[in-house]
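So the chains spell out like this:
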Amino acid sequence: MSEPRKLYVKSFGCQMNVYDAQRMTDQLAREGYVETATPDDADLVILNTCHIREKAAEKVYSELGRLRKQQEELGRRTMVAVAGCVAQAEGAEIVKRAQGVDLVVGPQSYHRLPELLAEAESRGTHKRAKIVETEFPVEDKFDFLAPPSREAIARRGPTAFVTVQEGCDKFCTFCVVPYTRGAELSRPVGKILDEVRRLADGGVREVTLIGQNVNAYHGDDGHGRPAGLAELVRRVAEVPGIARIRYTTSHPRDMDEELIAAHREMPALMPYLHLPVQSGSNRILTAMNRKHDRELYFEIVARVRAARPDIAFSSDFIVGFPGESDEDFADTMDLVEKVGFAGAFSFKYSPRPGTPAATSDDQLPEDVKNERLYALQALLERQKQAFDQACRGRRLDILLEKPGRLPGQLIGRSPYLQSVVVLAPRAAIGSLAQVEVREVSTKSLAGDILGGEFFETQVPPSGGPRGEAGLRPAEKVEA
Ligand code: SAM
Ligand code: SF4
């Protein structure tokens, strides 16, 4: 019997790429590929790339250079494929710029990977034959992608991403997504439920429904009608074994009343909402073509908080968008002060080729962008720390996900996506535990288990397994 071929996938960027990487791995598992943790012994390397900011895109070329050097040193020639949004945006440019790339494949063609690889192989590596596949095919790739095996699901742990929607029709003036991922497309409810059932059978307890604009979801409900995200969440919550649901990334314009009501009515929907605002200035929001203003954002935050008082918010921010004045930036800081975030991602504006804002004459100097990013991140970090500190003494349900760094430790996630370190046996992985938070550090929380699915009785307050393993303060615990 021939040795299985080894596959190494390196993913850059967002959760959608994490999901895509898994689906490519599942697809190639059918062709006899097994995953390896390093490119050194791989027969096939896939770089699953991100084009959202210039830095992210440039990483691909340095990675390709590193790979090529490594191959020369090892004296072996590995098949190299570039997938993801850089593949879609730059296509044939990649094979011109970087040597040693055999295949360039855009996100809509992953289901064709086996045949594209076979074609590249049959042409022979000595010719350095290149295949570039960046069409938006008429068939839906999700109908052809192989599902993960039970073993793959179990290996990936009790949480999983499920893509329910791809692409975007919003065309924010800074963003490449509508060009790299194409028009908005929602998967039918039935297909998503099949996937979630399969994941739940394999031990998954928490699913995050993902899409570039996930709350614009409008998939076929099985009766020829479009279902909104709220309905999808309700159906997913009915799948036996699924205890927690999240969704990301949402657009403020698409937070409809039904979805807000779902937060009030469904305990399985986690009280943590990522709702990107990008800027607090109405002038900049208009220039960004965001289709919402700061007043609408405040209103949505208030309505969601009224529906689910324990909810926390996170957001995305861009500083230094073309023409952003000191007053505009002050409006962003003011919005942050007024809302209060438990977490956030913030970026310097990066001009992306082909997007309207990239050709604006009002580009800001790098030092202004740096200064604003620094100030914004300092404020967001203070808010995050304050939120985490306020969790001390709270009792939170933690989904135990994986072993911790020290013997006897497990790491789980709070409803607010905080890492929480507890002492518990490995067999408890995949169960929900009620935990009293005892310690808070910049990276993680630590707490004591009070009970939960796996723990029928309360853990003794001292001695026993907890005392023996000697849980260290959270400051010293690495998540
Ligand atoms: N669809 C989501 C939304 O509407 O907010 C965001 C998707 S995008 C993949 C993730 C984040 O990247 C955005 O929210 C934005 O903050 C950031 N981003 C996108 N384009 C950018 C650019 N040209 N420069 C800097 N940050 C950018
Ligand atoms: Fe990009 Fe999000 Fe705007 Fe769509 S809504 S264009 S994905 S930032």
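The following refers to the structure shown. This is a predicted model, so every value here is computed, not measured.

Side note on the sheet that holds strand 15 (residues 312-319)
In space, the three strands of this open sheet follow the order 14-15-16, with parallel pairing throughout. Strand pairing shows two members of the sheet lacking a second neighbour, strand 14 (272-274) and strand 16 (343-348), which therefore form its edges. Shown here is a sheet whose adjacent strand axes are inclined to one another by a mean of 10°, direction ignored. Where strand 15 lies against strand 16, six bridges are found, and the strand directions are parallel. Within strand 16, the position partnered with Ser315 by the bridge is Ala344.

Focus on the site of ligand 1
Around ligand 1, 16 residues are found, and the nearest of them are Phe174, Gln212, Gln278, Asp316 and Ser350. Gln212 has a polar backbone atom sitting 2.6 Å from a nitrogen atom of ligand 1. A distance of 2.6 Å separates an oxygen atom of ligand 1 from a polar atom in the side chain of Asp316. Contact with the protein chains covers 90% of the free accessible surface of ligand 1, which is 560 Å².

With respect to the nonpolar core
Ranked by internal contacts, the top residues of the largest apolar core, which has 54 residues, are Val207 and Leu209. If you tally residues by element for this core, the top one is helix 8 (residues 189-201), at six residues. Excluding its chain neighbours within four sequence positions, the residues that come into contact with Val207 are Ala160, Val162, Val196, Leu199, Val236, Ile242, Arg244, Ile245 and Arg246. Counting 22 residues, the second-largest nonpolar core is a separate cluster that includes Tyr33, Ala81, Tyr110 and Ile131.

Comments concerning the packing of aromatic side chains
Here the structure, examined in full by the defined rule, presents seven aromatic pairs. Measuring from ring centre to ring centre gives 5.4 Å for Phe321 and Tyr349, while their planes differ by 70°; the resulting arrangement is edge-to-face. In this pair, Phe321 is assigned in the loop between strand 15 and helix 13 (326-339) and Tyr349 in the loop between strand 16 and helix 14 (366-389), connecting sequence segments 28 residues apart. Looking at Phe321, the relative accessible area reads 2%, which means it is buried. You can call Tyr349 buried: its relative accessible area is 4%. Ring geometry for Phe454 versus Phe455: centroids 5.1 Å apart, planes at 75°, classification edge-to-face. Exposure remark for Phe454: the relative accessible area of 36% places this residue in the partly exposed category. With a relative accessible area of 8%, Phe455 lands in the buried category.

Observations concerning the side chain of Lys369
Topologically, Lys369 is positioned in helix 14. Here Tyr349 takes part through its backbone oxygen, which lies 2.9 Å from a polar atom of the side chain of Lys369. Ignoring anything within four residues of it in the chain, the contact list for Lys369 reads Val319, Gly320, Lys348, Tyr349 and Leu364.

Structural notes on the sheet that holds strand 3 (residues 44-49)
Strand order in the open sheet made by the six strands is 2-1-3-4-5-6, with parallel pairing throughout. Either end of the sheet is taken by a strand with one partner, and the two such strands are strand 2 (33-35) and strand 6 (131-133). Strand-to-strand, the axes of this sheet are offset by a mean angle of 20°, without reference to chain direction. Bridge count between strand 1 (residues 5-11) and strand 2: three bridges; the pairing is parallel. Counted as the bridge partner of Leu7 is Glu35 from strand 2. Contacts from helix 1 (residues 15-29) reach strand 1, strand 2, strand 3 and strand 4 (79-83) within the one sheet, and its direction differs from that of strand 3 by about 155°.

Cut-offs applied
- Residues numbered from 1 in each chain as written.
- Chains lettered and ligands numbered in written order.
- Predicted model: local features only at pLDDT ≥ 70, side-chain atom pairs only at ≥ 80, totals over all residues.
- Heavy atoms only, no water.
- Pairing = 2+ DSSP bridges.
- Helix = DSSP H or I, 4+ residues; strand = E, 2+ residues; numbered from the N terminus.
- Axes fitted to C-alpha atoms, helices over the stretch in contact; angles between N-to-C directions.
- Near = heavy atom within 4 Å.
- Polar contact = N/O pair within 3.5 Å; in protein donor to acceptor, adjacent residues only side chain to side chain.
- Areas by Shrake-Rupley, 256 points an atom, 1.4 Å probe, with all protein chains shown as cover.
- Core = buried A, V, L, I, M, F, W, Y, C linked by side-chain atoms within 4.5 Å.
- Buried < 20%, exposed > 50% of the residue type's maximum accessible area, 1.4 Å probe, protein only.
- Contact = heavy atoms within 4.5 Å.
- Phe/Tyr/Trp six-rings, centres within 6.5 Å; stacked < 30°, edge-to-face > 60°.

Purely geometric stuff here, so don't read any function into it on its own.
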